[in-house]
Amino acid sequence: MPKNQTIILVVVILIILGGLISWEIFQKSKLSGGEQTGGEQEVQEVLSLSGIVQSVDEENNALMVKPANQENEVKVILSETTKLIKLEFPFDPKNPPAEGTFTPTQTEIEISDFKQGDNVFIKVKEDIAGKTEFDSVDFIQILP
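Computed from a predicted model, the values in this text were never measured in an experiment.

Caption draft 1: Fine view of the nonpolar core. Counting residues in hydrophobic clusters, the biggest one holds 19 residues, and the most contacted among them are Val65, Val76, Phe114, Val120, Ile122, Phe134 and Ile140. Sorting the residues of this core by element identifies strand S1 (48–57), strand S2 (62–67), strand S3 (74–77), strand S6 (119–124) and strand S8 (137–142) as the ones contributing at least two each. Here Phe134 is in contact with Leu49, Val74, Lys75, Val76, Ile77, Ile122, Val124 and Ile128, once residues within four sequence places are set aside.

Caption draft 2: Geometry of the pairing of S3. Taking every second residue as pointing to the same face, the buried face of S3 carries Val74 and Val76, while none of Lys75 and Ile77 on the other face is buried. Examined bridge by bridge, S2 and S3 share four bridges and lie antiparallel to one another. Bridging across to S3, Ala62 finds its partner in Ile77. Examined bridge by bridge, S3 and strand S7 (residues 133–134) share two bridges and lie parallel to one another. Residue pairing across strands places Lys75 opposite Glu133, the latter belonging to S7.

Caption draft 3: Just the side chain of Ser136, in detail. Locating Ser136 in the fold gives a position in the loop between S7 and S8. Relative accessible area serves as the criterion here: at 12%, Ser136 is assigned to the buried category. There is a polar contact of 3.5 Å between the side chain of Ser136 and the backbone nitrogen of Glu126. Beyond its immediate chain neighbours, meaning those up to four positions away, Ser136 contacts Val124, Lys125 and Glu126.

Caption draft 4: Representation of the environment of Leu87 within the structure. Inspection of the secondary structure puts Leu87 in strand S4 (residues 83–88). Residues Leu87 and Leu143, 56 residues apart in the sequence, show an inter-C-alpha distance of 5.5 Å. Look past the residues within four positions of Leu87 in its chain and what remains in contact with it is Thr105, Gln106, Gln141, Ile142, Leu143 and Pro144.

Caption draft 5: Region of the structure containing a nonpolar patch on the surface. On the surface, Ile8, Leu9, Val10, Val12, Ile13, Leu14, Ile16, Leu17 and Leu20 cluster together into a nonpolar patch covering about 820 Å² of accessible area. A relative accessible area of 44% means that Val10 is categorised as partly exposed.

Caption draft 6: Structural detail: the side chain of Thr82. On the secondary structure map, Thr82 appears in the loop between S3 and S4. Here Thr82 falls in the buried class, since its relative accessible area comes to 11%. A polar contact is formed between the side chain of Thr82 and the backbone nitrogen of Ser79, at a distance of 3.0 Å. A distance of 3.0 Å separates a polar atom in the side chain of Thr82 from the backbone oxygen of Val137. Those residues in contact with Thr82 that lie beyond four places of it in its chain are Val137, Asp138, Phe139 and Ile140.

Caption draft 7: Fine view of the environment of Gly51. Within the fold, Gly51 resides in strand S1. Among the residues examined, Gly51 registers a relative accessible area of 7% and is labelled buried. A C-alpha to C-alpha distance of 9.0 Å links Gly51 and Gln70, two positions 19 residues apart in sequence. Residues contacting Gly51, with those up to four places away along its chain left out, are Val65, Lys66, Pro67, Ala68, Asp118, Asn119 and Val120.

Caption draft 8: Geometry of unusual backbone geometry. At Asn61, a residue that is not glycine, the phi angle is positive and equals roughly 55°. Structurally, Asn61 is set in the loop between S1 and S2. Relative accessible area serves as the criterion here: at 28%, Asn61 is assigned to the partly exposed category. Here Asn69, not a glycine, exhibits a phi torsion of approximately 65°, which is positive. One can find Asn69 in the loop between S2 and S3. Asn69 gets classed as exposed once you look at its relative accessible area, which sits at 82%.

Reading the values: rules and limits
Residues numbered from 1 in each chain as written. Predicted model: local features only at pLDDT ≥ 70, side-chain atom pairs only at ≥ 80, totals over all residues. Heavy atoms only, no water. Core = buried A, V, L, I, M, F, W, Y, C linked by side-chain atoms within 4.5 Å. Buried < 20%, exposed > 50% of the residue type's maximum accessible area, 1.4 Å probe, protein only. Helix = DSSP H or I, 4+ residues; strand = E, 2+ residues; numbered from the N terminus. Contact = heavy atoms within 4.5 Å. Pairing = 2+ DSSP bridges. Polar contact = N/O pair within 3.5 Å; in protein donor to acceptor, adjacent residues only side chain to side chain. Patch = residues over 30% accessible without salt bridge, like charges linked within 9 Å, V, L, I, M, F, W, Y side chains within 5 Å. Areas by Shrake-Rupley, 256 points an atom, 1.4 Å probe, with all protein chains shown as cover. Salt bridge = Lys/Arg side-chain N within 4 Å of Asp/Glu carboxyl O.

Purely spatial values, then, with no claim about function.
Now the structure itself:
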């Protein structure tokens, strides 16, 4: 093989290897870009929770709820604009119909309709991450 062809072949191989190494370094820096925050974890915003009613305080318009998969209870303070809804299946859940489609009925209720042990879904207007008491409640649903 002539000397010029050997030099050209070596230069092409070096360019290809340089490109591959540069590409690897670029990909690694892209992947580790989120880890360069000093080890801080990003806290996610929480705008809803589900749990079980532990007690009802009609006098103060509040519920004590034990969120699912947590040990501590939270105090949920209701306002005049909080919607209270009970979802009900149009059939007995222990004996569902053969047809697979249905729409649960929604009934507006009062705080006095909540009972200890009710499963609830709570939607809030502001972040409640880490809070043990909150009052920016949009709606609460009693789940079937």
